[in-house]
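# An overview of the molecular structure
As a plain string of letters, each chain reads:
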Amino acid sequence: VQLQASGGGPVQAGGSLRLSCAASEGTFGRIVMAWFRQAPGKEREFVAAINFSGGTTAYADSVEDRFTISKDTAKITAYLQMTSLDLEDTAVYYCAAESTLIRSSWSMSSAYDYWGRGTLVTVSS
C-alpha cells in the first residue's frame, strides 16, 4: 500500500489549508488513516485519525477545535482541513494507514505500518 500526501505549503497565521492522503488500495480490511506531524527538533506527534468503516474520528487536544479529518471511501482518501493555523502548526505532516487498529492505538505512530512521504506546512506571521 502506498500513501500519497499532498496539499502542504506556505500559509499565513490564521489561514487555512487542506491536506489530502490517497491510498493506492483499500483492500486491507478496516482502514484507519491518520495524520502525524513533526516540527523541526521535535518528535513526531499525533494529529488526527479516522476509521474508514465507521467514520469515527480522534484528535490531538492541540488541534481538536481547529482541524477536521474526513474521508472519501470511494477514493480511499483522507483529508485534513486545518483552520486558524498558528506558527506552532509548522511541521512536516505525514499520513499513515493501518488495518483493524483498536482506538486506543490510533495515536501511536508505532501502530502504523504504512506511511506517506510527508508534506510540509509552513505557517508564517
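A brief report on the enclosed structure follows. Numbers given to residues run from 1 along each chain, matching the order in which its sequence is written. Given that the model is predicted, a residue must reach a pLDDT of at least 70 before its local features are reported, and side-chain atom pairs must reach 80 or more before they are shown or counted; all residues, however, enter totals for whole chains, interfaces and linings. Hydrogen atoms and water are omitted, and side-chain values are computed over all heavy atoms in the structure.

### Digging into the overall build of the chain
The secondary structure listing takes helices from DSSP runs of H or I that are at least 4 residues long and strands from runs of E that are at least 2 residues long, numbered from the N terminus. The secondary structure content of the chain amounts to 0 helices and 11 strands. Rg of the C-alpha trace for the chain: 13 Å, near the compact-globule value of 14 Å for 125 residues, within the 12% margin. By principal-axis analysis of the C-alpha atoms, the chain measures approximately 40 × 25 × 25 Å. Per-residue and other accessible areas follow the Shrake-Rupley method at a 1.4 Å probe size, with only the shown protein chains counted as cover for residues. Carbon and sulfur atoms form 45% of the exposed surface of the chain, whose accessible area is close to 6400 Å². Counting rule applied: Lys, Arg positive; Asp, Glu negative; His and chain ends not counted. We put the charge of a Lys on NZ, of an Arg on CZ, of an Asp on CG and of a Glu on CD. Measuring between centres, the 10 positive side-chain charges of the chain sit 6 Å from its 12 negative side-chain charges. Taken over C-alpha atoms, the radius of gyration is set against a globule rule of 2.2 Å times the number of residues to the power 0.38.

### As for the state of the cysteines
Covalently bonding the sulfur atom of one cysteine to the sulfur atom of another cysteine gives a disulfide. Whenever a pair of cysteine sulfur atoms sits within 2.5 Å, that pair is classed as a disulfide. Enumeration according to the criterion identifies 1 disulfide in this entry. Across a sulfur-sulfur distance of 2.2 Å, Cys-21 and Cys-95 are joined as a disulfide pair. Taking the torsion about the sulfur-sulfur bond, which here is approximately 65 degrees, the covalent link between Cys-21 and Cys-95 counts as right-handed. Of this pair, Cys-21 sits in strand β3 (residues 17-23) while Cys-95 sits in strand β9 (residues 91-99), and the two are 74 residues apart along the sequence. The exposure classification of Cys-21 matches that of Cys-95, with both residues buried. Each residue is assigned to one of three classes by its accessible area relative to the maximum for its type, calculated with a 1.4 Å probe on protein chains only: buried under 20%, partly exposed between the two thresholds, exposed over 50%.

### A short note on the pairing of strand β8 (residues 77-82)
The element β8 is largely enclosed, with a buried count of 5 among its 6 residues. Two strands make a pair as long as DSSP finds a minimum of two bridges between them. When β3 meets β8, the two strands line up antiparallel, connected through 6 bridges. Of the residues in β8, the one forming a bridge with Cys-21 is Ala-78. Of the strand pairs in this sheet, strand β7 (residues 67-72) and β8 are connected by 6 bridges, and their pairing is antiparallel. Looking at β8, one finds that Ile-69 is bridged to Leu-80. Hairpin connection between β7 and β8: a loop of 4 residues separates the two successive antiparallel strands, and Ile-76 in this loop has a positive phi of roughly 50 degrees.

### Side note on the pattern of salt bridges
Here, a salt bridge means any side-chain nitrogen of Lys or Arg that lies within 4 Å of a carboxyl oxygen of Asp or Glu. A complete count under the given rule lists 3 salt bridges for this structure. In this structure, Glu-45 engages Arg-37 in a salt bridge whose closest nitrogen and oxygen atoms are separated by 2.6 Å. Under the relative-accessibility criterion, Glu-45 is labelled partly exposed at 35%. In this structure, Asp-89 and Arg-37 form a salt bridge, with 2.8 Å as the shortest nitrogen-oxygen distance.

### Considerations on the sheet that holds β7
With respect to topology, 4 strands assemble into an open sheet ordered β1-β3-β8-β7, the strand pairing being antiparallel. Each of the sheet's edge strands pairs with one partner strand only, and the pair in question is β1 (3-6) and β7. Ignoring which end each strand starts from, the neighbouring axes of this sheet average 15 degrees apart. Angles here are taken between N-to-C directions and fall from 0 to 180 degrees, while the axes themselves are lines fitted to C-alpha atoms, restricted in helices to the stretch in contact.

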